[in-house]
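Structure at a glance
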Amino acid sequence: RGGGTSATMLDHIEVDAYGAMTPLSAVAQVTKKSAQLLTATLYDASLGEAVKQAIEDSGMNLNPQVDGDVVSIPIPKLDKSSREALGKQAKKVAEAAKQRLRRVRKDAMDEVKGVKDDFSEDEVNRTNDIIEVLVEEYSVVVDEHRDAKIDEVMGSE
């Protein structure tokens, strides 16, 4: 059944650790203890407050508690406004993914442009067309994942 608590729901969070933004998964192991509780076991207990702050700042309306090398993250029941906020978050994450796809497309086309003198115009155009098709295919995949996540969140009780 979808819509439940999952340790992966914190995958997008980055922690200010050792002077750099670091994925939460690089500084802690997140596990599901119950339907309403996640825990993050820190690899370095000194990062407890930074992890707590990153989770609080995630926009997920979470209130983590630090206890030594473990951060407990109670997951509140979702009301309508929380579901809507999570839907908006899914849209933001999807848009960021699509922006990255567009940057990859631009970089790939710039790469092709840089070597176009070594290939025929037809080969260059065919390669650019392939790049466009791939970017469009993955853009559709991002949209499908976004829509599935919104459906999952909005349908949860």
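This text gives an overview of the structure that appears in the document. Keep in mind the model is a prediction, meaning the values are calculated, not measured.

Criteria and thresholds
Residues numbered from 1 in each chain as written. Predicted model: local features only at pLDDT ≥ 70, side-chain atom pairs only at ≥ 80, totals over all residues. Heavy atoms only, no water. Helix = DSSP H or I, 4+ residues; strand = E, 2+ residues; numbered from the N terminus. Rg over C-alpha atoms; globule rule 2.2 N^0.38 Å. Buried < 20%, exposed > 50% of the residue type's maximum accessible area, 1.4 Å probe, protein only. Contact = heavy atoms within 4.5 Å. Areas by Shrake-Rupley, 256 points an atom, 1.4 Å probe, with all protein chains shown as cover. Lys, Arg positive; Asp, Glu negative; His and termini not counted. Charge placed at Lys NZ, Arg CZ, Asp CG, Glu CD. Salt bridge = Lys/Arg side-chain N within 4 Å of Asp/Glu carboxyl O. Pairing = 2+ DSSP bridges. Axes fitted to C-alpha atoms, helices over the stretch in contact; angles between N-to-C directions.

Another point: the overall build of the chain. The helix and strand inventory of the chain stands at four helices and six strands. When the helices and strands of the chain are placed in sequence order, the string is β-β-α-β-β-α-β-β-α-α. Taken over the C-alpha trace, the chain has a radius of gyration of 20 Å; the compact-globule value for 157 residues is 15 Å, which it surpasses by more than 25%. Expressed along its principal axes, the backbone C-alpha trace of the chain runs to roughly 65 × 40 × 20 Å. Buried positions account for 29% of the 157 residues belonging to the chain. Within the chain, contacts between residues separated by at least 24 positions form 53% of all contacts whose residues are at least 6 apart in sequence. Surface summary for the chain: the accessible area is close to 10100 Å², and the carbon and sulfur share equals 51%. Positive and negative side-chain charges in the chain, numbering 21 and 30 respectively, have mean positions lying 7 Å apart.

This part covers the pattern of salt bridges. Side-chain pairing between opposite charges can occur once the charged atoms of the two side chains come close. By the definition in use, this model includes seven salt bridges. Of the charged contacts, one joins D143 and K98 as a salt bridge, the two residues approaching to 2.9 Å between their closest N and O atoms. Taken together, the positions of D143 in helix α4 (residues 121-155) and K98 in helix α3 (residues 80-114) put the pair 45 residues apart, joining distant regions of the chain. Both residues of the pair, D143 and K98, belong to the buried class.

Let's shift gears to the sheet that holds strand β3 (residues 28-34). A sheet is described by the order of its strands in space; here four strands give the open sequence β3-β4-β6-β5, paired in antiparallel fashion. If you trace the sheet from one side to the other, it starts and ends with β3 and β5 (65-67), each paired once. Each neighbouring strand pair of the sheet contributes to a mean axis angle of 25 degrees, computed without reference to strand direction. Sheet analysis places strand β4 (residues 37-42) next to strand β6 (residues 70-74), joined by five bridges and oriented antiparallel. Opposite T41, over in β6, you have V70 as the bridge partner. Contacts from helix α2 (residues 48-56) reach β4, β5 and β6 within the one sheet, and its direction differs from that of β6 by about 20 degrees.

It is worth stressing that arrangement in space is one thing and function is another; only the former is reported here.
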